[in-house]
Each structure stands twice: as C-alpha cells, then as structure tokens.
Amino acid sequence: MKVLYEDNHVIIVSKESGEIVQGDKTGDTPLSDIVKQYIKEKYQKPGEVFLGVVHRLDRPVSGLVVFARTSKALSRLNKMFAEGEVHKTYWAIVAGKPQVSEATLEHWLVRNEKQNKSYAYDIEKPHSKKAILKYREISRGDRYSLLEVQLLTGRHHQIRCQLAKAGMPIRGDLKYGAPRSNPDGSISLLSRRVEFIHPVSKQPIVVEAPVPADNLWQALAPK
C-alpha cells in the first residue's frame, strides 16, 4: 500500500493486486484495516479510527482507492460517486489489437451472483443494466495493446466484461477469456487516475497511481 494523498478528510492509496478493499468471507485483512492502522499510528489516535469506504476495486486489480476520513467527507463522496462527479481513468493491457483505436462501448450487463461474473449483451435483457465506457489505444506491442478506459457507468466487472465482449480480454483475466493467468495472479488492469473536487475544501484533486513494475507494463506505458 502506498499513500498518494491525504488530508483531514480524504486519503487516497494505491493498492496492490491481491488485496481486498473491504473484509469478505476469506477472512484476509482488508485494505481498509491497513489504512486505519496507518492513520492510528501516524497520528497517535486513541480508540477506533473512522474510515469510510466509498468504492471498491476487484481483488486482482491494482491502483487507486479513495477513502473518507470523516463522516462529512463520506456522505459527500458517496453522493459524488453516485452522481458521476468522481472521474476515474483506468489502464488495461488487452490481448490483440482493437479494431478501432478509439470507441465507446455500450452493452447490457447481467450479473450472475453465484459465479461472481457479469455477462454482456447487445440488447436489453431481463434484470440487465446498461453499461457504457470509452477507450482509446495508448500503445501497442506484438501481442498486447495498452488501452486507456473511462467509465461512464459503474457496473459489476464492467471493464473486464465489456472489453472481453469486444474481443479484447484483459491479460491474465481467466474469468473473462484470457488464455492464461499472470504469474502473480493479477489481471493487467490499473486504476490509474482519479479526479474530483474535494468534498470539503472544494479544491481540485488529481492523483495518479504508479505503473506496475511488471516488464510488460513498463514496456507499454508511455515514458
């Protein structure tokens, strides 16, 4: 965990792939507990430390996670996320080459709770939710391309599912059609940048996550 931004109301960290943001049935220590301990030790806070989770990242994904340090910031950030006022940019390494270098993808996603997986359709289905994202190609290698992705909706496994439906599964993402896993169990999806107006100070906040040390990431990322 790397802390990239912090003040009295907000803390933004870069999580490693494999970490969970909130506690789940695995019983593994969640990132939220690690951040609480960091705050407790750094500021010598007695008792329970307040930390609000405003969004999540899938376990195999790396990059930026925003937490609220006060209840005021939590309620305002929750509203901002719900209303699309927090702009998140992702980088994804995908198999093959996109048919067009820049496009908007629109699908209808149906979530299967038992499989923890979403399925994308070109037309509306029962219990489906509309999913929209924009992508553009940043760079290209022999077998993989690096895409920049912006979410216009927030659906379960949206980027993973939509890119796979478009014939561009994310490297290492076995669940959505990648032929092989990454050695460390990650998928090559990075929550790269977050931009929003601070919920209390009203100052613009822009934070970027570091590019993973993986050789392919380093080869494809702009210098």
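Shown above is the structure to which this text applies.
Enquirer: Give a description of the overall build of the protein chain that names residues and reports values.
Expert: Along the backbone of the protein chain there are four helices and eleven strands. Taken over the C-alpha atoms alone, the protein chain extends approximately 55 × 40 × 35 Å along its principal axes. Residues classed as buried in the protein chain amount to 46% of the 223 residues present. Across the protein chain, every contact between residues at least 6 apart in sequence was considered, and the portion connecting residues at least 24 apart equals 61%. With an accessible surface of roughly 11800 Å², the protein chain has 47% of that area assigned to carbon and sulfur atoms. One finds the centroid of the 35 positive side-chain charges in the protein chain at a distance of 2 Å from the centroid of its 25 negative side-chain charges.

Enquirer: Residues and numbers for the layout of surface pockets, please.
Expert: By volume, the largest pocket amounts to about 1600 Å³. Contributing to the lining of the largest pocket are 41 residues, with R56, L57, D58, H156 and H157 lying nearest its centre. Listing elements by their share of the lining of the largest pocket, those giving two or more residues are α2 (71–82), β5 (87–95), β6 (102–112), β9 (144–151) and α3 (158–165). Lining the second largest pocket are 22 residues; nearest its centre among them are E16, S17, S62, P212 and A213. For the lining of the second largest pocket, the secondary structure elements donating two or more residues are β2 (10–15) and β10 (189–197). Looking at the lining of the second largest pocket residue by residue, the class counts come to ten nonpolar, six polar and six charged.

Enquirer: Break down the pairing of β6 for me, with residues and values.
Expert: Bridge count between β6 and strand β8 (residues 129–140): eight bridges; the pairing is antiparallel. Residue pairing for β8: E102 is matched across the bridge by R136. Here β6 pairs with strand β7 (residues 117–121) via five bridges, running antiparallel. Bridge assignment links N112 to a residue of β7, and that residue is K117.

Enquirer: Could you give me a rundown of the pattern of salt bridges, with the residues and numbers involved?
Expert: Counted according to the given criterion, the structure contains 15 salt bridges. A salt bridge links E195 to R193, with the shortest nitrogen-to-oxygen separation between them at 3.1 Å. With a relative accessible area of 28%, E195 lands in the partly exposed category. Taking relative accessible area as the criterion, R193 reaches 18% and is therefore assigned buried. Connected via shared salt-bridge partners are R192, R193, E195 and E208.

Enquirer: Could you give me a rundown of the packing of aromatic side chains, with the residues and numbers involved?
Expert: A ring pair, where both rings are aromatic, is described by two values, the distance of the centres and the angle of the planes. Evaluation of the coordinates by the stated rule reveals zero aromatic pairs. The ring of W91 carries R192 above its face, with NZ or CZ at 4.3 Å from the centroid.

Enquirer: Now, about the nonpolar core: what can you tell me, with residues and values included?
Expert: By size, the foremost hydrophobic cluster in this structure holds 26 residues, and its most contacted members are V35, F67, V149, I159, L163, I170 and L189. Secondary structure elements with two or more residues in this core: β2, α1 (31–42), β4 (62–68), β5, β8, β9 and α3. Not counting chain neighbours up to four residues away, the residues in contact with L163 comprise A92, V94, L105, L147, V149, M168, P169 and I170. Of all hydrophobic cores here, the second largest spans 25 residues; its members include V10, F81, Y144 and A221.

Enquirer: Could you give an account of α2, with specific residues and numbers?
Expert: Its twelve residues place the ends of α2 17 Å apart at the C-alpha level, agreeing with the 16 Å of an ideal helix rising 1.5 Å per residue. What α2 keeps buried is the set A73, L74, L77, M80 and F81. Taken end-on, α2 shows its buried residues confined to a sector of 130 degrees, consistent with a single buried face. Residues of α2 that are exposed and point over 90 degrees away from its buried face: S71, K79 and A82. Just beyond α2, the residue with positive phi is G84, at close to 75 degrees.

Thresholds, definitions, all that
- In every chain, residue numbers begin from 1 and rise along the written sequence.
- Local features in this predicted model are restricted to residues of pLDDT 70 or higher, and side-chain atom pairs are both shown and tallied only at a pLDDT of 80 or more, whereas totals for entire chains, interfaces and linings draw on every residue.
- Hydrogens and waters are ignored; side-chain quantities use all the structure's heavy atoms.
- The helix and strand labels rest on DSSP assignments: H or I over at least four residues marks a helix, E over at least two residues marks a strand, and numbering proceeds from the N terminus.
- Buried means the residue's accessible area, taken with a 1.4 Å probe over protein chains only, is under 20% of the maximum for its type, while exposed means over 50%, and partly exposed covers the values in between.
- Two residues form a contact once any of their heavy atoms are found within 4.5 Å.
- Only the protein chains shown count as covering a residue, and every accessible area follows the Shrake-Rupley method with a 1.4 Å probe.
- The charged-residue count follows a simple rule in which Lys and Arg add positive charge and Asp and Glu add negative charge, with His and chain termini not counted at all.
- In plain terms, the charge of a residue is placed at NZ if it is Lys, CZ if Arg, CG if Asp and CD if Glu.
- Cavity and pocket criteria rest on a 1 Å grid covering protein atoms alone: a 1.4 Å probe that fits but cannot get out defines a cavity, protein on both sides within 12 Å along at least 5 of 7 lines defines an open pocket, and an atom within 4 Å of a point defines a lining residue.
- Grid points are joined across faces, edges and corners, and a volume is the space filled by probe spheres set on the points.
- Following the grouping adopted for this structure description, the nonpolar residues are Ala, Val, Leu, Ile, Met, Phe, Trp, Tyr, Cys and Pro, the charged ones are Asp, Glu, Lys and Arg, and the polar ones are all others, Gly among them.
- A pair of strands is treated as paired once DSSP finds two or more bridges between them.
- The working definition used for a salt bridge is a side-chain nitrogen of Lys or Arg within 4 Å of a carboxyl oxygen of Asp or Glu.
- Only Phe, Tyr and Trp rings take part, Trp by its six-membered ring, and two of them pair if their centres are within 6.5 Å. Stacked means planes under 30 degrees apart, edge-to-face means over 60, and tilted covers everything else.
- Both a distance and an angle decide whether a charge sits over a ring: NZ of Lys or CZ of Arg must be within 6 Å of the ring centre and within 35 degrees of the ring normal.
- Residue types Ala, Val, Leu, Ile, Met, Phe, Trp, Tyr and Cys, when buried and joined through side-chain atoms within 4.5 Å, form a set referred to as a nonpolar core.
- Multiplying one less than the number of residues by 1.5 Å gives the expected span of a helix.
- Taken from the helix axis, the directions to the C-beta atoms give the arc we talk about.

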